[in-house]
Amino acid sequence: MKCHICGGKLKHTQTDLPFKRDEKSIVIFKDLPVFQCENCREYIIEDPVMEGVETVLAGVNPSAELEIVRYAA
Ligand SMILES: [Zn+2]
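Residues numbered from 1 in each chain as written. Predicted model: local features only at pLDDT ≥ 70, side-chain atom pairs only at ≥ 80, totals over all residues. Heavy atoms only, no water.

Caption draft 1: Region of interest: the confidence of the model for the protein chain. When pLDDT is averaged along the protein chain, the result is 93; 99% of the residues meet or exceed 70. Within the protein chain, the lowest mean pLDDT, 92, falls on strand β3 (residues 43-44), and the highest, 96, falls on strand β2 (residues 26-37). (pLDDT = per-residue confidence, 0-100. Helix = DSSP H or I, 4+ residues; strand = E, 2+ residues; numbered from the N terminus.)

Caption draft 2: Inspection of a negative patch on the surface at higher detail. Taken together, E46, D47, E51 and E54 make up a surface patch of like negative charges. The topology assignment puts E54 in helix α1 (residues 47-59). Under the relative-accessibility criterion, E54 is labelled partly exposed at 48%. (Patch = residues over 30% accessible without salt bridge, like charges linked within 9 Å, V, L, I, M, F, W, Y side chains within 5 Å. Areas by Shrake-Rupley, 256 points an atom, 1.4 Å probe, with all protein chains shown as cover. Salt bridge = Lys/Arg side-chain N within 4 Å of Asp/Glu carboxyl O. Lys, Arg positive; Asp, Glu negative; His and termini not counted. Charge placed at Lys NZ, Arg CZ, Asp CG, Glu CD. Buried < 20%, exposed > 50% of the residue type's maximum accessible area, 1.4 Å probe, protein only.)

Caption draft 3: Quick look at the coordination of the zinc ion. For the zinc ion, the protein coordination sphere consists of C3 (SG), C6 (SG), C37 (SG) and C40 (SG), at 2.3 to 2.4 Å. Taken together, the four donor atoms coordinating the zinc ion and their angles of 100 to 118° define a geometry best described as tetrahedral. Along the chain, the residues donating to the zinc ion are arranged with the sequence spacing C-x2-C-x30-C-x2-C. Taken together, the residues span a long stretch of sequence, with C6 in the segment before β1 (10-20) and C40 in the loop between β2 and β3 at a distance of 34 residues. Judged by its relative accessible area of 35%, C6 is partly exposed. Taking the relative accessible area as the measure of exposure, C40 reaches 34% and is therefore partly exposed. (Donors = N, O, S within 2.8 Å, 3.2 Å for Na, K, Ca; no water. Tetrahedral: all angles 85-135°; square planar, octahedral: opposite > 155°, others 65-115°.)

Next up, the structure:
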């Protein structure tokens, strides 16, 4: 798999990423498995991981402005 921006090599890694749930709330995922470009730092999230993210986002307390969750595969 190659970077869709620069064609660089993608490396499987884990990172912390914030996702906006709606206008007011943000969820930060710790240790999210992603593919990151070694050249330009662009990252790609695989579909199954993205589905897991969306499931967690749907279950987060809507009144919380900031939530930090550890991604568990
Ligand atoms: Zn790249």
